[in-house]
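A look at the structure
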Amino acid sequence: MFQPVFLPTSVLFAGALLEIVLAGVLSRAAKGWLAFLASALALAAVFALMPAIIHGEVLTATLFDWDASIALVYHVDGLSVLFMLLGAGMGSAILLYSVGYMEEEEEGVTRFYVLMLVFIAGFVMLACSANLLIIYFAWELIGLCSYFLVGFWYKQQVAADGARKVLIITHIAGYGLLAAIILLYVRTGTFVWTDPAVAAAFSGVVVLMMIVAAMAKSVMYPLHTWIPEAMNAPTPVSALLHSACYVKAGAYLIARMYSIGPWHETFGNLLLVIGCVTMLVGVIFALAQTDLKRLLAFHTVSQLGYVVTGLALGTSLGVTAGLFYAASHALFKGTLFMCAGAVQRATGTRDMRKLGGLAARMPVTTLVWLVSAAAIAGVPLTNGFVAKWLLFDAALEAKQAVVVVVAWAVSVLTAFSFLKATVGVFYGIPGHELHVGEIHEVSHSMRVGMGITGALCVVFGFAPQLLMQPVIEPAVRSMGFDWQIQVTWLGIVTGSGTIGVTIGAVAGLALATAFGAGAYRLVRAPAGGRPVSVFSGGEPLPDDDTLGVVDFAEMAEAAFGPIYSLNPDPLYFRIWGEIRDGAAGARRFMTTKVERAPVLTAVVCAAVLLAAVALP
Amino acid sequence: MELMFVGCFAVLACAIALYAASIPQGDRGWWILLAAIVALVVASKLIGGSLIGAIVLDLAELAAVALVWSRGTPEAAAAGRLYLFAIVPAIVCTLIALALIGAGGAQPGPWIERLVVWLVIFGFALKLGLIPFSFWLPAVASAAAPMTTALIVSVVDIATLSELAALRETAPWIFSEHTTAWLAVALLAMFGGAVLALAQNELKRMLAFSTIDDLGFLLLGLIVGGPLGMAGAGLGALSHALSKVVLFGAVGAAEARIGQSVTLDTRGLAARLPVAGAAFIVGALSFIGVPPGFGFVGYWRIYVAATQFGGLVLIMALLAVAALDLLCYARAIHRTWLGAPQVQVAGAPAYLAAGVLASLGLLAVLLGCYPNVLTGAAVPGLLALAR
């Protein structure tokens, strides 16, 4: 019988299959359009599920036995639909962008589109499955897709190395999820998380192991170090990886844990610490970057810290903030990556030290970048502002003042970092190595792809209720929370300290404005002086009349020097070195003792074995 | 399950033959021995878990020794001698044990029982090359033709393991009353195999040690028993057989084109041999149990059975070994196959061999994506057997 809940995944897998079958006859662009069509149809299928979900229904269906008596069971609720929308929606926009992006790629285009479609399908399957074993299957399926996509240009050592790091860190941490699932199965005899017996068996060990797996997928410190290395992939891959189909998998798992079993405050506190540290470390590392995509990658780390912090608050407002943030982040981060890809495609570099002045040559890309950069920095009238506002309010309501301070500080640093990136890439004087005359806007499909997601950042900033009511509210309810927010055209009413927060915010804003104006008056900017190419904020300009990304990076390194030593990679390499040394020692023993004297070895070991068996 | 093993051996034998027709593995004697081994293994499976079946399988093992020897090089002769040195006492021990147990698998008196257990553990550990009785397997892998080793680890070893599985059914006391000794052997094989695989530079030796490691997993499935443990061992054995042919085949295809052993210092092979590279990657990931590879289908069952048996400690130990396996194969994939090409290839491409590798790799993925093709039939059968 036809089961509509399986339609999104079916369409995506069918699209991947068609890509393989028609590989020999389709042009590169046609392959791109086919992939986009499959993803768009999957998105339409998700939309078709929404009316029932908005009315509070849960759609369940069993398709077939996947492995012996383990069935492919779907349980589609509000939380599932939110993440399905992220996967299929962002996937569609990014695949549309890919049509132009991949047109110049000489080999591997079919491989690219097949992997992208399976990637999205795996994520949708993850969000829908009621069977924990299938969840693990989907978890690793998206892991493998990202591994192959990050290593798409596998003949380049740097791409292959990045892919290896993705595989090792995320797969080993993924064993935490597998162990948790197995423990649940051993205790309950079922893999279906909707079974009440699973909730009873949902112990602290299980939660901890799931959190470890989620940390690696959602780039939580200290398991985040794979993501900056994954930047040597085609930009659509980076966009999909960072916005929706990969880093959000961990956020989904954390959110889903609320539905699976009882949530204890201890788990929340642990995640709050992880989230706050991740926020800070991510943004501080981002400040020091001069590679545009690496900068965005570290901001993904930081922004995922916000998402996890919201989810960890454990209140209705907190999870609302976390989920809204997850959706908003998908939009603005996906857009930022697409803009970065457009810049790289147009100029041949993503090194901000070599870029500059692109606004005149790439006005559409610049506009879309400005909107999405404003969103990530939390500028009002963008979705990022709404997300941050909700998060601050939720933290205040939960009496987590430290979270508010950290989140606020990170927001300031994020704005600072994007000021650097924006000025360094789009304004100021173009780099000496750029052939400015040859730089032009990217293809139509690329501009439309990033334009759609950029526009949505503003739409959901102006009218967050368009996202809140049909998508976020059912998701929050499906996690077992009441809906406590009213969203109207006039604003968001959270019912938690609204007046105080508003008055405080207005007072803070007035104070800051007065302080800025006072400082400006005191400094007294020289009237009629020499015009400069960039806004310097009153800082003295360097000799070459620009304030470049290097100056920002150096400033950050000077200010946060000790924090850069918190990079966990040296520790991982030390562990790897110890393992290799141990293995080399074992090998020496085997070759010098065992393989050279097989008779003696066999006799001695047989005697030991005999003693072990014979002794009572 | 026995029929499934027979089918698997038949498919793999065809694959090995097609591969060898494309990339020569030996002279006429090699082909005769190949046919003899496959026929003997299939015959032993059809005869079933009896003394005669065991003798037929032992003949296949002796033919495998001859197959190693047939390469004619001094290294192959030395490896063949080592293999023979392991196999002869192993055959003697297992046949004595089977004779002592008798047809019904009845439990003898305490001292005979212990003797039988010792003979079984020692005999099978030698046959399978489990650590510390592994001295012959890396030598064979290094010296023999790739498909010879593939045949040994994928057909002969797996048939031997299925003989042990049959013993688990007919004489469960061999395992259940000496669990500690069996567990020690399995864990040593797992950890030792994984660590030693990690230390190898030559890929064929690495594959040999990882075989030992995987056999440790399969043995653990047999030891803990139960429907899931047995099914896990059985399905894991099928995956092992399939993946090892792919892995040895990919390395063999590379060796045939570059004219030397493939080591971790051989860089960027996939750029020159994309099908072999893809097959190696798929085979490796499936072998270590990464979904959607077929290996996961056996592994998750073994993990569950092990957790039921040994709790959190045992599952963490198994996952630690799995992590070592991942490190080992990720290093092999990224050092040898991916990255900028630094090798030159010679000779004509072996399209038939590439087709075989691609087909087997695809089969590993398809079976992993929809294992019910096998488990829908196999697991109920095993459950019935367990009842």
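Remember, predicted model here, so these are calculated numbers, not experimental data. (Residues numbered from 1 in each chain as written. Chains lettered and ligands numbered in written order. Predicted model: local features only at pLDDT ≥ 70, side-chain atom pairs only at ≥ 80, totals over all residues.)

Attention shifts here to the overall build of chain B. A count of helices and strands for chain B gives 16 helices and zero strands. In terms of its C-alpha atoms, chain B occupies a principal-axis envelope of roughly 65 × 45 × 35 Å. For chain B, with 387 residues in total, the buried portion stands at 65%. Relative to all contacts within chain B whose residues are 6 or more apart in sequence, the contacts with residues 24 or more apart total 80%. (Helix = DSSP H or I, 4+ residues; strand = E, 2+ residues; numbered from the N terminus. Buried ≥ 20, exposed ≤ 12 C-beta atoms within 10 Å, placed from the backbone. Contact = placed C-beta atoms within 7 Å.)

A few words on the overall build of chain A. Regarding its fold elements, chain A presents 23 helices and four strands. Relative to a compact globule of 616 residues, whose C-alpha radius of gyration would be 25 Å, chain A shows 26 Å and is just as compact. For chain A, the spread of C-alpha atoms along the principal axes amounts to about 100 × 60 × 55 Å. For chain A, with 616 residues in total, the buried portion stands at 55%. Long-range contacts, defined here as pairs at least 24 residues apart, represent 79% of the contacts in chain A between residues at least 6 apart. (Rg over C-alpha atoms; globule rule 2.2 N^0.38 Å.)

Before going further, it helps to spend a moment on the packing of helix α13 (residues 274-287) of chain B against helix α14 (residues 295-337) of chain B. Residue and element names in this part refer to chain B. Taken N-terminus to C-terminus, the directions of α13 and α14 make an angle of 160 degrees; their axes are 8 Å apart at the nearest point. Classed by the angle they form, the pair α13 and α14 counts as roughly antiparallel. Crossing angle aside, the handedness with which α13 passes α14 is right-handed. Of α14, the residues touching α13 (which contributes G277, F280, I281, A284, S286 and F287) are G295, Y329, A332, I333 and W337. For the contact of α13 with α14, a count of residues per class yields eight nonpolar, three polar and no charged. (Axes fitted to C-alpha atoms, helices over the stretch in contact; angles between N-to-C directions. Parallel < 35°, antiparallel > 145°, perpendicular 65-115°, else oblique. Left-handed = near helix turned anticlockwise from the far one by under 90°. Nonpolar A, V, L, I, M, F, W, Y, C, P; charged D, E, K, R; others polar.)

Quick look at the interface of chain B and chain A now. If you look at the interface, chain B gives 47 residues, while chain A gives 47 residues. Mapped onto the side of chain B that touches chain A, the elements with two or more residues apiece are α4 (74-101), α5 (110-128), α9 (179-198), α12 (269-272), α14 and α16 (372-386) of chain B. Of the residues forming the side of chain B that touches chain A, the biggest block, 16 residues, is contributed by α14(B). In terms of residue class, the side of chain B that touches chain A is built from 37 nonpolar, nine polar and one charged.

A word on the packing of helix α15 (residues 363-377) of chain A against helix α18 (residues 444-462) of chain A. Residue and element names in this part refer to chain A. Two numbers describe how α15 lies on α18: the axes approach to 9 Å, and their chain directions differ by 35 degrees. Between α15 and α18 lies a crossing of left-handed hand. When α15 is examined against α18, the residues V364, V368, V371, S372 and A375 are found in contact with a partner set consisting of R447, M450, G451, G454, C457, V458 and G461.

Moving on: the environment of V192(A). The residue V192(A) is located in the loop between α6 (157-188) and α7 (196-200) in this model. Leaving out residues up to four positions away in the same chain, V192(A) has contacts with V73(A), A130(A) and N131(A).

Attention now goes to the pairing of strand β2 (residues 70-76) of chain A. Regular strands place side chains that alternate from one sheet face to the opposite one. All names here are of chain A. The element β2 is extensively covered by neighbouring structure, given that five of its seven residues are classed as buried. With six bridges joining them, strand β1 (residues 59-67) and β2 adopt antiparallel strand pairing. Bridging from a neighbouring strand, T60 pairs with H75 of β2. Counting the residues that bridge the hairpin from β1 to β2 gives two residues, and of these A68 lies at a positive phi of roughly 55 degrees. (Pairing = 2+ DSSP bridges.)

This part covers the domain arrangement of chain A. By the assigned domains, chain A splits into domain 1 (4-350 + 365-373 + 381-496) and domain 2 (569-614). Inter-centroid distance (C-alpha atoms) of domain 1 of chain A to domain 2 of chain A is 44 Å. (Domains from an automatic or database assignment.)

Glancing now at helix α11 (residues 247-260) of chain A. Residue and element names in this part refer to chain A. In this model, α11 (14 residues) spans 21 Å end to end at C-alpha, consistent with the 20 Å of a helix rising 1.5 Å per residue. Most of α11 sits out of view: twelve of its 14 residues are buried. Of all the residues in α11, the buried ones are V247, K248, A249, G250, A251, Y252, L253, I254, A255, R256, M257 and I260. (Expected span 1.5 Å × (residues − 1).)

Looking now at the nonpolar core. Within soluble globular proteins, side chains that are nonpolar tend to cluster in buried spots. In this structure, I37(B) and I121(B) are the most contacted members of the largest nonpolar core, which totals 402 residues. Of all the elements, α14(B) adds the most residues to this core, at 23 residues. Inspection of this core shows a minimum of three residues originating in each of domain 1 (4-350 + 365-373 + 381-496) and domain 2 (569-614) of chain A. Among all residues touching I37(B), those that are not within four sequence positions of it are A60(B), A63(B), A64(B), L67(B), L151(B), V155(B) and V156(B). (Core = buried A, V, L, I, M, F, W, Y, C linked by C-beta atoms within 7 Å.)

Most peptide bonds adopt trans geometry, and most residues besides glycine take a negative phi value. Residues and elements named next belong to chain A. Each neighbour pair has its own omega, and for Y221 with P222 the value is 5 degrees, a cis peptide bond. For A68, which is not glycine, the phi torsion reads 55 degrees and is therefore positive. Of note, A68 is situated in the loop between β1 and β2. Using a count of 23 C-beta atoms within 10 Å as the deciding quantity, one classes A68 as buried. Even without being glycine, K399 reaches a positive phi, approximately 60 degrees. Checked against the element boundaries, K399 lands in the loop between α16 (383-397) and α17 (401-426). Using a count of 8 C-beta atoms within 10 Å as the deciding quantity, one classes K399 as exposed.

Between its terminal C-alpha atoms helix α5 (residues 132-150) of chain A stretches 27 Å, which fits the 27 Å expected from 19 residues at 1.5 Å a residue. In terms of residue burial, α5(A) counts as a mostly covered element, since 19 of its 19 residues are buried.

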